[in-house]
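One letter stands for each residue in the lines below.
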Amino acid sequence: MNLEEQQTTAQRAVLVGLNCSAHSAQEYNATDATLAELRSLAETAGAEVVGIVTQNRVTPDPKTLVGEGKAQEIGEFVKNTQAQLVIFDNELTPSQIKNLEAAVGVQVIDRSMLILDIFALHATSREGKLQVEMAQLKYTLPRLMGRGTELSRLGGGIGTRGPGESKLEQDRRHIKTRVSLLRAQLEENRKNRAQQRKSRDVSGMPKIAVIGYTNAGKSTLLNALTGAGVLVEDKLFATLDPTTRKLKLANNYEALLTDTVGFIRNLPHHLIEAFSSTLDEVRFADLLLHVVDVSNPDLYDQMEVSQKLIEQLGAAHVPVIVVFNKADLAAPQEIPNMRDSIAVSAATGAGLDELLERIYRKLSEREREIQVLIPYDQGALLEGIFREGKVSAQEHRENGTYIKLRADEALAGRLQDFRID
Ligand SMILES: Nc1nc2c(ncn2[C@@H]2O[C@H](COP(=O)(O)OP(=O)(O)OP(=O)(O)O)[C@@H](O)[C@H]2O)c(=O)[nH]1
Ligand SMILES: [Mg+2]
């Protein structure tokens, strides 16, 4: 049975956001935008949001995050609305969860647990499931530990679902063994991916990764450009497993386009760690298409979040084209004018031809290191090599001149027959 079908009626949920003026850390600053996002996340997980409670406080309360009085107020609200679940926008410690559950009388989870829950619902591949389980064992489990029988009473609700679910009632020793096993399997996966990448590299096709905030339209763009048929949904984190398709460009030039898992603010770091093998697709790409939902009022913050994650993933060196998607929903003056950016609509197809051209141009500018041996009777080639390439080594050999250089696509193409790398 599908996990999503297990929950026949929506769980009624109250959302809570704390805004601490004295805190610079983003996770302590719930805003209208983060709460709107929390609502989408909750609805994607199958909850019905019955109310939102907020508090402004100078610093978080170590015991209950919000103040004691506020916690009681939430409890009242839960009773009046017959809510079954309280979801905090801010990160909670295991002891805060325990104290809050005692105060409000129903299950309490935080934003990261909710995100992991959605990941658990949407993971389909074996690798995806292993990655989610690893993150759940590391993040969710410590927050659910020690509740013993209480857990079975709460059983199966949002925040406790997924491949890690059956492990929740096992003891720490078993969990440790499971974590080591998962780590070994994920390492194996990483090696396989590296191997796959290597064989793709041999094909010489450049690799493009489609990245960006969740729900920006990455899968829709992949489908529109390649006819891939990837699932598209107005839900957060519809895509967890990367899909790669061939992209045909001008002059019979081809590239590999990969759709990736979406980004979101305050992404649990255990999740980034667990997904590192799929996120390697980003680091080793030759070009990133950073897809932005230009119709979202939160677009600048979303772009910043994606930018930071690109850096965190070690992909800051990869060239980027910013794709302002959903242009059909935005007024032209709302679309930012930036270097290396383009407005498109993956839904209507507007702007896609120009995007393909830009991709082609950007990839042709791409430089890579090659090694050539130029026979002495082909000396005329040397002039072009020294004019257009960046030569780092040169040596006269018996059957020609050996040269190591960085060359763009055009030069590398001209030298194809003389390559020895
Ligand atoms: N109006 C409009 N809607 C779009 C456009 N592109 C995508 N959408 C819609 O936006 C929603 C999200 O699209 P997806 O392609 O699933 O987004 P994604 O970035 O892959 O999302 P995740 O995989 O969940 O991170 C869907 O409802 C799409 O139909 C567009 O250009 N215009
Ligand atoms: Mg997607």
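Residues numbered from 1 in each chain as written. Chains lettered and ligands numbered in written order. Predicted model: local features only at pLDDT ≥ 70, side-chain atom pairs only at ≥ 80, totals over all residues.

### What to know about the overall build of the protein chain
Secondary structure summary: the protein chain contains 15 helices and 13 strands in total. The dimensions of the protein chain, computed from C-alpha atoms along their principal axes, are 90 × 55 × 45 Å. When burial is assessed residue by residue, the protein chain has 39% of its 421 residues classed as buried. Long-range contacts, defined here as pairs at least 24 residues apart, represent 68% of the contacts in the protein chain between residues at least 6 apart. (Helix = DSSP H or I, 4+ residues; strand = E, 2+ residues; numbered from the N terminus. Buried ≥ 20, exposed ≤ 12 C-beta atoms within 10 Å, placed from the backbone. Contact = placed C-beta atoms within 7 Å.)

### Overview of the UniProt feature "binding site: Mg(2+)" (unreviewed entry) in the protein chain
Per the UniProt record, "binding site: Mg(2+)" (unreviewed entry) is found at Ser219 and Thr239. A maximum C-alpha distance of 7.6 Å among these annotated residues, which run over 21 residues, shows that they cluster at one spot. Looking at where Ser219 falls in the secondary structure, it is placed in helix α9 (residues 218-226). Taking the C-beta count within 10 Å as the criterion, Ser219 has 24 such neighbours and is therefore assigned buried. (UniProt positions renumbered as here; feature names shortened; annotations may be inferred.)

### Some remarks on the sheet that holds strand β3 (residues 85-88)
Taken together, the four strands give an open sheet; going across it, the order is β2-β1-β3-β4, and neighbouring strands pair in parallel fashion. A strand with exactly one partner marks an edge of an open sheet, and here the two such strands are β2 (47-57) and β4 (107-110). Neighbour to neighbour, the strand axes of the sheet diverge by 25 degrees on average, direction disregarded. By the bridge criterion, ten bridges tie strand β1 (residues 11-20) to β2 in an arrangement that is parallel. Among the inter-strand pairings, Asn19 is bridged to a residue of β2, identified as Asn56. Contacts from helix α2 (residues 32-44) reach β1, β2 and β3 within the one sheet, and its direction differs from that of β1 by about 155 degrees. Strand contacts of helix α4 (residues 94-104): β3 and β4, with the helix running at about 140 degrees to β4, the strand carrying the most contacts. (Pairing = 2+ DSSP bridges. Axes fitted to C-alpha atoms, helices over the stretch in contact; angles between N-to-C directions.)

### As for the nonpolar core
By size, the foremost hydrophobic cluster in this structure holds 95 residues, and its most contacted members are Val86, Ile87, Leu114 and Val323. Three or more residues apiece are contributed to this core by two domains, here domain 1 (3-166) and domain 2 (204-364). Filtering out sequence-adjacent residues up to four positions away, Leu114 remains in contact with Leu41, Ala42, Ala45, Ile87, Ile109, Ile158 and Gly159. Of all hydrophobic cores here, the second largest spans seven residues; its members include Val372, Ile403, Leu405 and Ala407. (Core = buried A, V, L, I, M, F, W, Y, C linked by C-beta atoms within 7 Å. Domains from an automatic or database assignment.)

### Here's the deal with the UniProt feature "domain: Hflx-type G" (unreviewed entry) in the protein chain
Cross-referencing UniProt, the feature "domain: Hflx-type G" (unreviewed entry) maps to residues 206-367 in the present numbering. Along residues 206-367 one finds 31% helix and 22% strand; the C-alpha atoms at either end are 11 Å apart.

### A closer look at the domain arrangement of the protein chain
On domain assignment, one finds that the protein chain holds domain 1 (3-166), domain 2 (204-364) and domain 3 (367-418). Its C-alpha centre places domain 1 at a distance of 29 Å from the equivalent point of domain 2. In this assembly, 22 residues from domain 1 lie in contact with 16 residues from domain 2. For the side of domain 1 that touches domain 2, the element with the highest residue contribution is helix α5 (residues 111-122), accounting for seven residues. When the residues that make up the side of domain 1 that touches domain 2 are grouped by side-chain class, the tally is ten nonpolar, nine polar and three charged. (Nonpolar A, V, L, I, M, F, W, Y, C, P; charged D, E, K, R; others polar.)

### Description of the pairing of β3
Side chains on a regular strand alternate between the two faces of the sheet. Residues Leu85 and Ile87 line one face of β3 and the alternating positions Val86 and Phe88 line the opposite face, and both faces are buried. Judged from the four bridges that link them, β1 and β3 form a sheet pairing that is parallel. Across the sheet, Leu15 pairs through a bridge with Ile87, a residue of β3. One ladder, built from four bridges, connects β3 with β4; its direction is parallel. When the sheet's bridge partners are listed, Ile87 is paired in β4 with Ile109. A crossover links β3 with its parallel partner β4, the connecting element being α4, and its sense is right-handed. (Right-handed = clockwise from strand over helix to strand, strands pointing away.)

### Quick notes on the site of ligand 1
Close contacts around ligand 1 come from 22 residues, with Gly217, Ser219, Asp234, Thr239 and Gly262 the closest. Looking at the shell around ligand 1 residue by residue, the class counts come to eight nonpolar, nine polar and five charged. (Near = placed C-beta within 6 Å.)

### Comments concerning the sheet that holds strand β10 (residues 341-343)
As summarised here, the arrangement of the six strands in space is β6-β7-β5-β8-β9-β10, forming an open sheet in which the pairing is mixed. Two strands bound the open sheet, and with one partner strand each, they are β6 (243-248) and β10. Pairwise comparison of adjacent strand axes, ignoring direction, gives a mean angle of 25 degrees for this sheet.

### A closer look at the pairing of strand β13 (residues 400-408)
Judged from the eight bridges that link them, strand β11 (residues 367-374) and β13 form a sheet pairing that is antiparallel. If you follow Arg368 over to β13, its bridge partner there is Ala407. Looking at chain direction, strand β12 (residues 390-397) and β13 are connected through seven bridges and run antiparallel. Paired with Glu395 across the bridge in β13 is Tyr402. Between the antiparallel neighbours β12 and β13 lie two residues.

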